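What follows is the residue order along each chain.
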Amino acid sequence: MTVVYEELAGSPHIAITQQGATAVRSFRVDWSDWQAFAQMLLGTYGEIGGTSRFVQPIPFPGFKNLLVAEITVDPFDPDSPDTQTAFSLQTDTNAYRSGAKVTAVYKTQFDGEGYSLQNLPRVPNGTYLVYRSELGAEYQHVPGRVWRWSSEDDPPVPDDVNPGVLIPTGSVQLSWLRVPAPPWSAIRALRGKVNASPFLGSPVGTVLFMGVKAVREFQMLKEGGVWRLDYYFSEQTKERSGGDKVGWNYFYKEQAAEGEHWVAIQDADGGAPYGAADFQDLFQFE
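Residues numbered from 1 in each chain as written. Predicted model: local features only at pLDDT ≥ 70, side-chain atom pairs only at ≥ 80, totals over all residues. Heavy atoms only, no water.

A. Expanded view of the overall build of the protein chain. In terms of regular secondary structure, the protein chain is built from two helices and 17 strands. Expressed along its principal axes, the backbone C-alpha trace of the protein chain runs to roughly 100 × 40 × 35 Å. Looking at the protein chain as a whole, 36% of its 286 residues are labelled buried. Restricting to contacts in the protein chain with at least 6 residues of sequence separation, those with at least 24 account for 63%. For the protein chain, the exposed area adds up to about 17,200 Å²; of that, 50% sits on carbon and sulfur atoms. (Helix = DSSP H or I, 4+ residues; strand = E, 2+ residues; numbered from the N terminus. Buried < 20%, exposed > 50% of the residue type's maximum accessible area, 1.4 Å probe, protein only. Contact = heavy atoms within 4.5 Å. Areas by Shrake-Rupley, 256 points an atom, 1.4 Å probe, with all protein chains shown as cover.)

B. Representation of the side chain of Thr206 within the structure. Position of Thr206 relative to the elements: it lies in the loop between β10 (194-195) and β11 (207-217). Classification of Thr206 by relative accessible area gives buried; the value is 0%. Not counting the four nearest positions on each side in its chain, Thr206 is found in contact with Asn195, Ser234, Glu235, Gln236, Thr237, Val246, Gly247 and Trp248.

C. Geometry of helix α1 (residues 34-42). Within α1, seven of the nine residues are buried, which leaves it mostly tucked inside the rest of the structure. Listing the buried residues of α1 in full gives Trp34, Ala36, Phe37, Ala38, Gln39, Leu41 and Leu42. Just past α1, the residue Gly43 takes up positive phi, approximately 85 degrees.

D. Local environment of the packing of aromatic side chains. Using the criterion set out here, one finds 19 aromatic pairs in the structure. Geometrically, the ring pair formed by Phe209 and Phe233 is tilted, given 5.3 Å between the ring centres and 40 degrees between the ring planes. Here Phe233 lies in strand β12 (residues 226-236) and Phe209 lies in strand β11, a separation of 24 residues in the sequence. Here Phe209 falls in the buried class, since its relative accessible area comes to 1%. (Phe/Tyr/Trp six-rings, centres within 6.5 Å; stacked < 30°, edge-to-face > 60°.)

E. Representation of the pattern of salt bridges. According to the stated counting rule, one finds five salt bridges in the structure shown. Between Arg28 and Glu6 there is a salt bridge, with the nearest N and O atoms lying 4.0 Å from each other. One end of the pair, Arg28, is in strand β3 (residues 20-29); the other, Glu6, is in strand β1 (residues 5-7), with 22 residues separating them in the sequence. Given the relative accessible area of 27%, Arg28 is considered partly exposed. Taking the relative accessible area as the measure of exposure, Glu6 reaches 40% and is therefore partly exposed. In this structure, Asp230 engages Arg228 in a salt bridge whose closest nitrogen and oxygen atoms are separated by 3.0 Å. The class for Asp230 is buried, based on a relative accessible area of 6%. For Arg228, a relative accessible area of 27% translates into the label partly exposed. (Salt bridge = Lys/Arg side-chain N within 4 Å of Asp/Glu carboxyl O.)

F. Main features of the pairing of β3. Two elements, β1 and β3, share three bridges in a ladder whose sense is antiparallel. Directly across from Glu7, in β3, lies its bridge partner Phe27. Here strand β2 (residues 13-17) pairs with β3 via five bridges, running antiparallel. When the bridges of β3 are listed, Thr17 appears paired with Gly20. (Pairing = 2+ DSSP bridges.)

G. How the structure looks around the nonpolar core. Phe199, Phe209, Tyr231, Phe233, Phe279, Leu282 and Phe283 are the most contacted members of the largest nonpolar core, which has 19 residues in total. If you list the elements that add at least two residues to this core, you get β9 (164-179), α2 (184-190), β11 and β12. Discounting residues that sit within four places of it in the chain, Phe199 has contacts with Pro121, Leu174, Val207, Phe233, Phe279 and Phe283. (Core = buried A, V, L, I, M, F, W, Y, C linked by side-chain atoms within 4.5 Å.)

H. Highlighting the environment of Ser26. In this structure, Ser26 sits in strand β3. Take Ser26: its relative accessible area is 13%, and that puts it in the buried class. What Ser26 contacts, discounting residues up to four positions off in sequence, is Glu6, Glu7, Leu8, Ser11, Lys101, Val102 and Thr103.

I. Geometry of the environment of Lys213. The residue Lys213 is located in strand β11 in this model. Each C-alpha atom, one on Lys213 and one on Arg228, is 8.2 Å from the other, the two residues being 15 residues apart in sequence. If sequence neighbours within four positions are ignored, Lys213 has contacts with Arg228, Leu229, Asp230 and Tyr232.

J. Structural detail: unusual backbone geometry. Between Ser11 and the following residue, Pro12, the backbone shows a cis peptide bond with an omega angle of 5 degrees. Inspection of the secondary structure assignment puts Pro12 in the loop between β1 and β2. Here the phi dihedral of Arg178 falls at roughly 65 degrees; this positive angle occurs in a residue that is not glycine. With respect to the element layout, Arg178 can be found in strand β9.

Bear in mind that shape data such as this cannot, by itself, settle questions of function.
Structure below.
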């Protein structure tokens, strides 16, 4: 469907901050076209023969990562509604021959071209990933009998002294934007699992999938809106001799060769505390 529009005088307005850019554009369209025009700006998914069809959102000119985040619709001339002889609260609203004023607010949605992080998961066309992370540490106490004081006679550390080992950790949030069909089954199956292959540049077994916060967005659209999925991961890295990095299934063993104290554990059936999985399944449509 072709929608005729005009950009109004005074548009656009652009603001640039440390957090990104914001732009506001105002348009005039026929009153009957405002929903179709909003859909054009935001992009849309639809099912054709069981396959998702995607129409790209229209970004702010010259900035592919500056996408519409909010739309408001007002009568262009609010004092001149069309005269209506029949009116239903369930099916009708006022209409205006003067048309609709559509105001679109654009915000930075993801890293621009040339600045994308390496090792991010692949996502379907038309969806976007935003990466956030925080540093942390976990303090693990180790019995004093494991250690000796570093002095001339190497006396043992008393049992009531429990030196701590600081384990570097990290919290990672991957926000998957504009998702039409979230992978609910994969989310349930992979929660509590560690990465079976390198993930976000981290070695096997060091990243634990904690879960997701899911929020519905743009619900008034004819196609039913899309989802924002905030995935949360926790990284734990322990170093063995030779520089090998190990993670969640490795625990401190008192009696071990130097540099080999972090050892994998398993249950009576040979199972690890945390199962391993391919996290790419989290970034595919259901």
